[in-house]
Amino acid sequence: MKKSLFFTCCRVMFQKEHLNFDDEELYRYARLVTSAVIAKVHTIDWTIELLKTDTLHAAMRANWYGLLGKEFKDSFGHVGGVALGGLVGLKKPQNHSVPYSLTEEFVRVYRMHPLLPDNLLLRDISAPTGANKSPPLLKEVPMGDLVGLKGEKTLSEIGFTKQFVSMGHQSCGALTLWNYPMWLRDLIPQGVDGKDRPDHVDMPALEVYRDRENKVARYNEFRRGLLMIPISKWGDLTDDPEVVHALREVYGDDVEELDLLVGLMAEKKIKGFSISETAFTIFLLMATRRLEGDRFFTSYYNEETYTKR
Ligand code: HEM
């Protein structure tokens, strides 16, 4: 079974502190703590990076710690309702009458392939860091060489540590039109026999096709479903004349035809946001529900379940 680096650290830590745990118990507790830490990083680190405004910084921390804040919660535990004490540590899960799951809409707005770069900037991790705190650049490796069968070979030559440290020093791409990585337009999939298949994949085309074949609501209908104001002309979506021109070429003046994925990329962003306001609404709902609907963040969020340090 593959295990993450964090999982292994967690296991070693438990081994030191709870010598009476058998192998199965060690595994189970380490898995639980790893999942909870990932959820916490997702809530108060990753989401805050995507939505870089003071309001969202405060809001995501309030989701986890409550308005009373981390220090208060660390000292006194969960006090009050959701607002004061945060979602984590509520007495019981709240499902709003619908069992929690990641919704189809969430998957749709999470198609964020423009985040991927064209090249991996490989760093010399044995050299001291420069003025910008990054190790010096060794070379640029095209992303196309890092996926599929070729990718397995290239990545084993590079090695895990160098790959991950290099990725940590690289910015991701912007979620905007005309930023789809070109190498994803000719992706080589492998068959069940592990060999390259003859028919290559044009990912951006496939993504739009997938939404259409699965009858995912188009952009405007999607917004209506979220009780957000739909657009009535291209100028409501963006004030970039080049984008308006391109949209008109594809869809004419029929804004109802706009595909969700295209709309998400074309939408004018709120200052500080990397994602569209439409995607943000889904994020907000999902991020909140995944915490409040989970017994491991509510009724089971205690020392008995997670162990005491
Ligand atoms: C090397 C990097 C990546 C490759 C090669 C890759 C490739 C793919 C492929 C081949 C699919 C299936 C397309 C289909 O048949 O519909 C897919 C789906 C998807 N990808 Fe990626 N992807 C990568 C990175 C990412 C990243 C960074 C994100 C988001 C941050 C992402 C989000 C998704 C989502 C949400 C789906 C749809 C899953 C579903 O329909 O259940 N991918 N990707």
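Note: the structure precedes this text.
Since the structure is predicted, the reported quantities are computational estimates derived from the model, not experimental observations. (Residues numbered from 1 in each chain as written. Predicted model: local features only at pLDDT ≥ 70, side-chain atom pairs only at ≥ 80, totals over all residues. Heavy atoms only, no water.)

Q: Looking at this model, I keep getting lost on the nonpolar core. Mind explaining?
A: Residues W64, W234, L237, L247, L258, I275 and F297 are the most contacted members of the largest nonpolar core, which totals 51 residues. Of all the elements in the fold, those that place two or more residues in this core are α2 (23–50), α3 (54–65), α6 (104–109), α10 (219–225), α11 (234–237), α12 (241–251), α13 (260–266) and α14 (277–292). Each of domain 1 (5–94 + 295–306) and domain 3 (217–283) accounts for three or more of the residues forming this core. Once you skip the residues sitting within four places of it in the chain, F297 turns out to touch A36, A39, W64, L87, V88, G89, L90, R290, L291 and Y306. (Core = buried A, V, L, I, M, F, W, Y, C linked by side-chain atoms within 4.5 Å. Buried < 20%, exposed > 50% of the residue type's maximum accessible area, 1.4 Å probe, protein only. Helix = DSSP H or I, 4+ residues; strand = E, 2+ residues; numbered from the N terminus. Domains from an automatic or database assignment. Contact = heavy atoms within 4.5 Å.)

Q: Would you take a moment to explain the packing of aromatic side chains for this structure?
A: Evaluation of the coordinates by the stated rule reveals nine aromatic pairs. Their ring planes at 10 degrees and their centres at 4.8 Å tell us that F21 and Y29 sit as a pair that is stacked. Taking relative accessible area as the criterion, F21 reaches 16% and is therefore assigned buried. Between the aromatic rings of Y301 and Y306, the centroid separation amounts to 5.7 Å while the plane-to-plane angle is 70 degrees, which identifies the pairing as edge-to-face. For Y301, a relative accessible area of 35% translates into the label partly exposed. Three or more aromatic residues joined by ring pairs make a cluster, and in this case those are F106, Y110 and F283. (Phe/Tyr/Trp six-rings, centres within 6.5 Å; stacked < 30°, edge-to-face > 60°.)

Q: Any chance you could explain the side chain of T43 here in plain terms?
A: Residue placement: T43 occurs in helix α2. With sequence-adjacent residues up to four places away left out, T43 is seen in contact with I48, M60, N63, W64 and L291.

Q: I would appreciate a short explanation of the coordination of the iron atom of the ligand in the present structure.
A: Metal coordination angles have textbook ideals: 109.5 degrees for a tetrahedral set of four donors and 90 or 180 degrees for an octahedral set of six. Of all protein atoms, H113 (NE2) alone acts as a donor to the iron atom of the ligand, lying 2.0 Å away. In this structure, H113 sits in the loop between α6 and β1 (119–123). (Donors = N, O, S within 2.8 Å, 3.2 Å for Na, K, Ca; no water.)

Q: Even after reading the chapter, I still don't get the site of the ligand, so can you show me in this structure?
A: In the neighbourhood of the ligand, 13 residues make up the surrounding shell, with V107, R111, H113, M203 and R210 lying closest. In the model, a nitrogen atom of the ligand is placed 2.8 Å from a nitrogen or oxygen of the H113 side chain. Side-chain polar atom of R210 to an oxygen atom of the ligand: 2.6 Å apart, as the coordinates give it. For the shell around the ligand, the element with the highest residue contribution is helix α9 (residues 203–213), accounting for three residues. Taken together, the residues of the shell around the ligand break down into 10 nonpolar, one polar and two charged. (Near = heavy atom within 4 Å. Polar contact = N/O pair within 3.5 Å; in protein donor to acceptor, adjacent residues only side chain to side chain. Nonpolar A, V, L, I, M, F, W, Y, C, P; charged D, E, K, R; others polar.)

Q: Looking at this structure, I do not really get the environment of I158. What am I missing?
A: The residue I158 is located in helix α7 (residues 148–158) in this model. A sequence separation of 13 residues divides I158 from S171, and the C-alpha atoms of the two residues are 19 Å apart. If near-sequence neighbours (up to four positions away) are discounted, I158 is found in contact with L122, L146 and Q163.

Q: Hey, could you run me through the packing of α2 against α3 in this one?
A: Axes are the key here: two packed helices are described by the angle between their axes and the distance separating the axes. Where α2 contacts α3, the axes come no closer than 8 Å and their chain directions differ by 160 degrees. In terms of their interaxial angle, α2 and α3 are classed as roughly antiparallel. Crossing of α2 against α3: the hand is right-handed. Here A36, A39, K40, T43, I44, T47 and I48 of α2 come into contact with α3, specifically with L56, H57, M60, R61, N63, W64 and Y65. Its residues assigned to classes, the contact of α2 with α3 shows eight nonpolar, four polar and two charged. (Axes fitted to C-alpha atoms, helices over the stretch in contact; angles between N-to-C directions. Parallel < 35°, antiparallel > 145°, perpendicular 65-115°, else oblique. Left-handed = near helix turned anticlockwise from the far one by under 90°.)

Q: Is there a simple way to think about α7 in this case?
A: Each turn of an α-helix holds 3.6 residues, which means side chains three or four residues apart point in the same direction. Among all positions of α7, only G151, T154 and I158 are buried. Mapping the buried residues of α7 onto a view down its axis gives an arc of 70 degrees, with all of them on the same face. Away from the buried face of α7 by more than 90 degrees, exposed residues E152, K153, S156 and E157 are located. Positive phi shows up at G159, right after α7, with a value of about 95 degrees. (Arc of directions from axis to C-beta.)

Q: Help me understand the pattern of salt bridges, please; the structure alone is not making it clear to me.
A: Oppositely charged side chains may form a pair once their charged atoms are brought near each other. Applying the stated rule across the entire model yields 19 salt bridges. Note that D202 and R185 form a salt bridge whose closest N and O atoms lie 2.9 Å from each other. A residue pair is termed long-range when its members are at least 10 positions apart, and D202 in the loop between α8 (160–168) and α9 and R185 in the loop between α8 and α9 qualify at 17 residues. Residue classification places R185 among the partly exposed residues on the basis of a relative accessible area of 42%. Between E257 and R218 there is a salt bridge, with the nearest N and O atoms lying 3.3 Å from each other. Here the residue E257 occupies a position in the loop between α12 and α13, and R218 occupies one in the loop between α9 and α10, the gap between them amounting to 39 residues. Judged by its relative accessible area of 37%, E257 falls in the partly exposed class. (Salt bridge = Lys/Arg side-chain N within 4 Å of Asp/Glu carboxyl O.)

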